[in-house]
Every structure is written in structure tokens, then in C-alpha cells.
Amino acid sequence: MGNRVAREDFEWVYTDQPHADRRREILAKYPEIKTLMKPDFNLIWIVTLMVFTQLTAFYLVKDLEWKWVLFWTYAFGSCISHSMTLAIHEISHNSAFGNNRAIWNRMFGMFANLPIGLPYSVSFKRYHMDHHRYLGGDGIDVDIPTDFEGWFFCTRLRKLIWIILQPLFYAVRPLYINPKPISRLEIINLSIQFSFDIVVYHFCGGKTIFYMLAGSILGLGLHPISGHFIAEHYMFLKGHETYSYYGPLNYLTFNVGYHNEHHDFPSVPGKNLPKVRKIAAEYYDKLPQYHSWVTVLYDFIMDDTISPYSRMKRKLTGEVKQE
């Protein structure tokens, strides 16, 4: 359990990310993919149903015994909360109402944020766009772990703890790597969210607040769906920066597993990413891919050559335009 991993630094690369070049090549060959770059209006109804499902769950758990609150928090609440964060991911790309109604997408993201319990959607949008533009960019892409994470979480036990604490690191990392002044929309997001939490506590009590907050934290930690955090960009094979997952959990995560396709075409909503793969199969079928996020989590912990350092990192040159 105590063996240290071999890697002692990130994989520094001096080339651009591969997604822009592949996007140009695929669009030149398959221009019909442009027809898939349109809003997914079904996302509006799906997210609304998910929010009201959680509101119903809030009411149902308020009088349960604590053992059942704990059970349903992990068995159900954690799943729908994590799924909702990936709905917010979709909304951050303006997939609900389209690019011409950006503010509608921001407000809808705040609505989707409500059952998560912590203000998240507006800040996520700001940092996630940087992740796409400057994948692996030193000091910009906060999806890259800090040097401390890579240095300290270097044994199997510590990597397990790191996975459990993923929500903490994703929350704190931007403040250390790339702090940004708080925006007006973030203040609105925070005000709406905490007002909602107070109302929930008033009408449903402490057990419901626990279900809401603990479900969100557990769902983003040691949980099968959380395998996507590791699967997307951790370098299990040298030279490969992004990996897709083609398993059944895509049905719960708005196809976030189609991650090479998503980075190649971030304007294509998750619903249409399988169509991208089908149209340009010769590009995607040959890339490394996963079929189990649970296996990814297990391999990350047990493989002593993999750690938080197993990421490609770039020194950015030229002008950097952030959200």
C-alpha cells in the first residue's frame, strides 16, 4: 500500500492540443457535422424534471430514520446530484437555449444548481471555457492538479483519499491556480442558492439539508460516475491526452463520456455526440477508450505509475483570453 509512484512531475508538452486540428480535418471531410451544432431543447425538460424529482425526494426524506437518510443519500441523491452537475456542464456550453440566448442559459444553470445545494454553475462556466481553450495550460486550466496534489497523493491509500476528496480540490484549486474577481452573476448565483437552502431548511429540516449537501459531495467523490474525472484526461497511455468512455453511464451523464468528441466539437450538445462518432468513426474508433469508469478508478488507485501528476501540461505563449 505504501509504494510511491514513479512519476515525479507532470508530462510537459510543447505542442498545441490535438482537438483543433482534428476538428478542422473532420469538418473538411464531413461538413454535415455542422448541422449537429444546435441547441438541445429536450435538455430544458429533462433538467426541469430532475429538479422536481429532487424536490420530491427532499420532502420524502425529511421524516425518515437516519439509516435510511444515509442509504438514499448515496444510493439516489448522489447519482442525481452528480448527473445535475453534468447537466450544468451542458448548459455552460449554451446547449439549452443556444448561443444567442446566453443569459437564458446562465439563469437556467442557476435553476439546475438549486438541488445541489452549493453555488456552482456560474463559476464552473467561467473556468470550464478556459479548460477548452487552453487544455493543460499552466496557471489557467484548473482541471490540472496542483504540484502538492501530485507530490503528496502518490501512494494507493493516498490516491484513494484524493478521489474521496475530489469535491474539495475542485472547489479550492481555482482559488490557488487561477483566482478571478467575483462577478455579478456569481453573486446572483450565490444569493439565489443560499436563499433556496434556507427555504428548504425551514420547510424540510436538517435531514433534507444533509441529503442535499452530502449527496452532492458523495456523488463527486468515491462514486462510479466520478470515474469520468479520471478517465477524461489522465494519461494512462503516454502521448494520449483525452479519452472517451462508451459505457452505459453515459445515459446518466449527458454523454460526457464522449470526451474526445466533446473537445473536438464543444458546440455539439451531448445528445448528438454519438452521431459525431458514427460519422467520423475512422477518427475515434482508433483512439484509446474506456467501457467502465469503475475500472478506471480501480486502475488509477492500484497502478503505481499513475498519480495526479499523470496529466499533460503546457506553458502558454501569446495572448491568453479568459472568461
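The structure under discussion appears in the preceding block.
Predicted model, so just to flag it, every value in this text is computed and none were measured.

Visitor: Would you take a moment to explain the packing of helix α3 (residues 66-92) against helix α4 (residues 102-113) for this structure?
Guide: Following both chains from N to C, one finds α3 and α4 inclined at 180°, their axes separated by 9 Å at the closest point. The orientation of α3 with respect to α4, classified from their angle, is roughly antiparallel. Residue-level contacts link M84, I88, I91 and S92 of α3 to N105, R106, F108, G109, A112 and N113 of α4. Along the lines of polarity and charge, the residues of the contact of α3 with α4 split into 5 nonpolar, 4 polar and 1 charged.

Visitor: I tried to follow the nonpolar core on my own but got confused; where do I start?
Guide: It is characteristic of soluble globular proteins that their nonpolar side chains tend to be buried jointly. In terms of nonpolar packing, the biggest core is built from 39 residues, with V47, M84, W162 and F300 touching the most fellow members. Top element by residues in this core is α3. It accounts for 6 residues. Setting aside residues no more than four positions away along its own chain, W162 makes contact with P145, E149, F153, F169, R173, I230, Y234, F300 and P308. Membership of the second largest hydrophobic core comes to 15 residues, among which are L27, I33, Y284 and L287.

Visitor: I tried to follow the pattern of salt bridges on my own but got confused; where do I start?
Guide: Pairs can form between side chains of opposite charge once their charged atoms are near each other. Counting across every chain of the model gives 16 salt bridges. With its nearest N and O atoms 3.0 Å apart, the salt bridge here joins D63 to K62. Via salt bridges that share partners, D130, R133 and K180 belong to a single interconnected network.

Visitor: I tried to follow the packing of α4 against helix α9 (residues 184-204) on my own but got confused; where do I start?
Guide: Relative placement of two packed helices is described by the angle separating their axes and the distance separating the axes. Packing of α4 against α9 leaves a shortest axis separation of 10 Å and a crossing angle of 30°. Overall, the two elements α4 and α9 adopt an arrangement that is roughly parallel. Crossing angle aside, the handedness with which α4 passes α9 is right-handed. Packed against α4, whose contacting residues are I103, R106, M110 and N113, the element α9 presents L185, I188, N189, I192 and Q193 at the interface.

Visitor: How should I be thinking about unusual backbone geometry in this particular structure?
Guide: Of all residues except glycine, most have a negative phi; of all peptide bonds, most are trans. Residue N94 is not a glycine yet carries a positive backbone phi of 60°. Relative to the assigned elements, N94 resides in the loop between α3 and α4. A positive phi angle, near 60°, is found at N255, a position not held by glycine. By relative accessible area, N255 is classed as buried at 15%.

Criteria and cut-off values
- Residues numbered from 1 in each chain as written.
- Predicted model: local features only at pLDDT ≥ 70, side-chain atom pairs only at ≥ 80, totals over all residues.
- Heavy atoms only, no water.
- Axes fitted to C-alpha atoms, helices over the stretch in contact; angles between N-to-C directions.
- Helix = DSSP H or I, 4+ residues; strand = E, 2+ residues; numbered from the N terminus.
- Parallel < 35°, antiparallel > 145°, perpendicular 65-115°, else oblique.
- Contact = heavy atoms within 4.5 Å.
- Nonpolar A, V, L, I, M, F, W, Y, C, P; charged D, E, K, R; others polar.
- Core = buried A, V, L, I, M, F, W, Y, C linked by side-chain atoms within 4.5 Å.
- Buried < 20%, exposed > 50% of the residue type's maximum accessible area, 1.4 Å probe, protein only.
- Salt bridge = Lys/Arg side-chain N within 4 Å of Asp/Glu carboxyl O.
- Left-handed = near helix turned anticlockwise from the far one by under 90°.

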